[in-house]
Amino acid sequence: MENKKRSRRDFVKKAGVISAGFIGLQSLIASQFLSCTPTSTNSASTKVGPDVIKYGPLKNDPAGIIKLPANFSYKIIARAGQKMSDGLIHPDKPDGMATFAASDGRVIIVRNHELMPDDQGPFGKDNELMDKIDEKYFYDKGTKGNPAQGGTTTLIFNEDTQEVEESFLSLAGTLRNCAGGPTPWNSWITCEEIVSNPGQYDMEKAHGYCFEVPATETAGLAEPIPLKAMGKFNHEAICVDPRTGIVYLTEDAHDGLLYRFLPNEKGNMRAGGRLQALAIKGDKSADTRNWEESPKPCIVNQVSEVEWLDMENIDPDVDDLRLRGAKKGAAVFARGEGMWFGDNEFYFACTNGGANKTGQVFRYKPGEHEGTDQEHTTPGTVELFLEPNDTKILKYCDNLTVAPWGDVILCEDDSHPFVVGVTPKGEYYKLAENIGYQSEFTGGVFSPSGKTYFVNIQHAGLTLAIQGNWLMES
């Protein structure tokens, strides 16, 4: 990940929980662009501007951490460096998250940690706590006694008391766990945003894969089995179509692709499958980024039919999967990051897309026969859904989720970020402002009940729970 004010190492991302789709969000914005091979148009009146307020102005925080609207409150529920219930340490750089329903109304939160071997991981100073973990649960212990520090942690949160009742490491020995996504079968697929081979970073194994972590209330580590059929590339996020079990994947690269994984067995990622890349019909190697050098920018809300191209050599030694895909005809996107599946459609953010390179959001609607040999009769469609090109409205959108009542909630990746909401009427509003740390927001996600919004301040190592009057009238 790559912020203007930070190096790639210090950059980050996100994603969240299952909820309803956007309702009428087509009226988000009225930008004027050339066509990107549209099959239909959809125009609507739009309310756009930084002054639209849903929950009221953001109020100052005496603690100097984040501003929220009146009658909203936050609580820090996890802090890097503190001890977890399993005796290990809360790792630094929390990133993508998802939530799942636990017993007695509690919430299971699974968090990524975007860490490299020299970052502060779960094993303490000089890794003195490594012997607490059975060797079989490490994916990569490293070649010099310094393991891959990335992975996931799980928190059991009580919404009534706003207390974390349990906290434990749930995946060990991976690198740069950025985003990922929840599955309909109660697991979290975590993604490595890196491409490396054995020997690099003093590691024993290759990295650049997805791993599946069960959402459990009982402390325990997931089997660290890389899902190699999902490809080796700079993974960002995934989402799953509950109807078909197809997994969609974003790639964090300035010339990244959008992929889908067709599993051999629905719900069993380890059984293998087929990896494909999205191409726009009639527009080979389409450039969706709307950059100055893009041949023909896309119009907001114009819909294009797609086809999917089989990818070969999906576990390469070099980071060239996207380059081969684009040469084959796949569409190119500007740093695909957070994505979320809604009501028979999903949305994904492109952090550096747009004429000003400050962010886009796309929408994809699967076809009636998605993933079958009949899908050509009713192909899926993709459209550019949002591109404000105004940093006062939105800048560098990264994680996204959809609130149960239809608002889309976006985390900004910037040294002075906001959490930005967009209502079904197409009105933007500021939900939170980071005033305490020069760090992006990551992992924004709602609890299954919709009462709590969880978000990280990544470079401060903080996880926050935000509650308030979510359902007030706009």
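Below you will find a few notes about this structure. Keep in mind that this is a model prediction, so the values were computed, not measured.

### Topic: the overall build of the chain
Consideration 1: In terms of regular secondary structure, the chain is built from 1 helix and 26 strands.
Consideration 2: For the chain, with 474 residues in total, the buried portion stands at 63%.
Consideration 3: When contacts within the chain are restricted to residue pairs at least 6 apart in sequence, long-range pairs at least 24 apart make up 64% of them.
Consideration 4: Accessible surface, the chain as shown: approximately 16900 Å² in total, 47% of it carbon and sulfur.

### So, the pattern of salt bridges
Consideration 1: Here the structure, examined in full by the defined rule, presents 24 salt bridges.
Consideration 2: Of the charged contacts in the structure, one is a salt bridge between Glu370 and Arg260, with a shortest N-O distance of 3.0 Å. Linking Glu370 in the loop between β18 (360-365) and β19 (381-386) with Arg260 in strand β13 (residues 258-265), this pair joins segments that are 110 residues apart in sequence.
Consideration 3: Residue Glu370 is classed as buried on the basis of its relative accessible area, which comes to 4%.
Consideration 4: In this structure, the salt-bridge partner of Arg324 is Asp320, at a minimum N-O distance of 3.2 Å.

### Brief notes about the sheet that holds strand β1 (residues 58-59)
Consideration 1: Within the open sheet, the 6 strands sit side by side as β1-β2-β23-β22-β21-β20. Their pairing is antiparallel. With partners counted over all chains shown, the strands left at the sheet margins are β1 and β20 (397-402), one partner each.
Consideration 2: Two elements, β20 and strand β21 (residues 408-412), share 4 bridges in a ladder whose sense is antiparallel. The residue bridging Val402 from the neighbouring strand is Val408, located in β21.

### Notes on the environment of Asn301
Consideration 1: Position of Asn301 relative to the elements: it lies in the loop between β14 (268-280) and β15 (303-310).
Consideration 2: Its relative accessible area of 2% is what places Asn301 among the buried residues.
Consideration 3: For the pair Asn301 and Leu384, spaced 83 residues apart in sequence, the C-alpha separation works out to 5.7 Å.

### A closer look at unusual backbone geometry
Consideration 1: Although it is not a glycine, Asn71 adopts a positive phi angle of roughly 70 degrees.
Consideration 2: Within the element layout of this structure, Asn71 appears in the loop between β2 (66-69) and β3 (73-79).
Consideration 3: Backbone geometry places Asn389, a non-glycine residue, at a positive phi of 55 degrees.
Consideration 4: Structurally, the position occupied by Asn389 is in the loop between β19 and β20.

### Concerning the sheet that holds β19
Backbone-to-backbone hydrogen bonds join strands into a sheet, with any given pair of strands oriented parallel or antiparallel.
Consideration 1: In space, the 9 strands of this open sheet follow the order β11-β12-β13-β14-β15-β19-β18-β17-β16, with antiparallel pairing throughout. Single-partner strands in this sheet number two, and they are β11 (235-240) and β16 (336-341). Here the strands of the sheet are splayed against their neighbours by 35 degrees on average, with no regard to which way each runs.
Consideration 2: In terms of strand pairing, β18 meets β19 through 5 bridges, oriented antiparallel. If you follow Phe362 over to β19, its bridge partner there is Leu384.

### Remarks on the nonpolar core
Consideration 1: Core analysis: the largest hydrophobic core is formed by 25 residues, its most contacted members being Tyr248, Leu278 and Phe346.
Consideration 2: Put simply, the parts of the chain that give this core at least two residues each are β11, β13, β14, β15, β16, β17 (346-350), β18 and β19.
Consideration 3: Broken down by element, the residue count for this core peaks at 3 residues, all from β17.
Consideration 4: If near-sequence neighbours (up to four positions away) are discounted, Leu278 is found in contact with Leu258, Val306, Glu307, Trp308, Ala330, Ala331, Phe333 and Tyr364.
Consideration 5: Core analysis: the next-biggest nonpolar cluster, separate from the first, contains 24 residues, Ile189, Val247, Leu275 and Ile314 among them.

### Focus on the pairing of β17
Along any regular strand the residues' side chains alternate between the sheet's two faces.
Consideration 1: With 5 of 5 residues buried, β17 lies mostly within the body of the structure.
Consideration 2: The two faces of β17 match: Phe346, Phe348 and Cys350 on one face and Tyr347 and Ala349 on the other face are all buried.
Consideration 3: Across 4 bridges, the pairing between β16 and β17 is antiparallel. Opposite Trp340, over in β17, you have Tyr347 as the bridge partner.
Consideration 4: Bridge count for β17 against β18 is 5 bridges, and the pairing is antiparallel.

### Here we look at the packing of aromatic side chains
Consideration 1: Per the counting criterion, the structure on display carries 24 aromatic pairs.
Consideration 2: Taking 6.1 Å as the distance between ring centres and 35 degrees as the angle between the ring planes, the aromatic pair formed by Phe341 and Phe346 counts as tilted.
Consideration 3: Exposure remark for Phe341: the relative accessible area of 9% places this residue in the buried category.
Consideration 4: By relative accessible area, Phe346 is classed as buried at 0%.
Consideration 5: For the ring pair Phe346 and Phe348, a centre distance of 6.1 Å and an interplane angle of 40 degrees mean the geometry is tilted. Across the pair, exposure class does not vary: Phe346 and Phe348 are buried alike.
Consideration 6: Among the aromatic side chains, those forming a connected cluster through ring pairs are Tyr248, Trp308, Phe333, Phe341, Phe346, Phe348, Phe362 and Tyr364.
Consideration 7: A cation over a ring is seen here: Arg289 above Trp291, with NZ or CZ 4.3 Å from the ring centre.

### Let's talk about helix α1 (residues 321-328)
Consideration 1: For α1, every residue scored as buried is listed here: Leu321, Arg322, Gly325 and Ala326. Looking straight down α1, one finds its buried side chains confined to an arc of 125 degrees; they lie on one side.
Consideration 2: Lining the buried residues of α1 we find β12 (247-251), β13 and β14.
Consideration 3: Of the residues flanking the end of α1, it is Gly329, one or two places downstream, whose phi is positive at about 130 degrees.

Procedures and definitions
- Residues numbered from 1 in each chain as written.
- Predicted model: local features only at pLDDT ≥ 70, side-chain atom pairs only at ≥ 80, totals over all residues.
- Heavy atoms only, no water.
- Helix = DSSP H or I, 4+ residues; strand = E, 2+ residues; numbered from the N terminus.
- Buried < 20%, exposed > 50% of the residue type's maximum accessible area, 1.4 Å probe, protein only.
- Contact = heavy atoms within 4.5 Å.
- Areas by Shrake-Rupley, 256 points an atom, 1.4 Å probe, with all protein chains shown as cover.
- Salt bridge = Lys/Arg side-chain N within 4 Å of Asp/Glu carboxyl O.
- Pairing = 2+ DSSP bridges.
- Axes fitted to C-alpha atoms, helices over the stretch in contact; angles between N-to-C directions.
- Core = buried A, V, L, I, M, F, W, Y, C linked by side-chain atoms within 4.5 Å.
- Phe/Tyr/Trp six-rings, centres within 6.5 Å; stacked < 30°, edge-to-face > 60°.
- Lys NZ or Arg CZ within 6 Å of the ring centre and 35° of its normal.
- Arc of directions from axis to C-beta.

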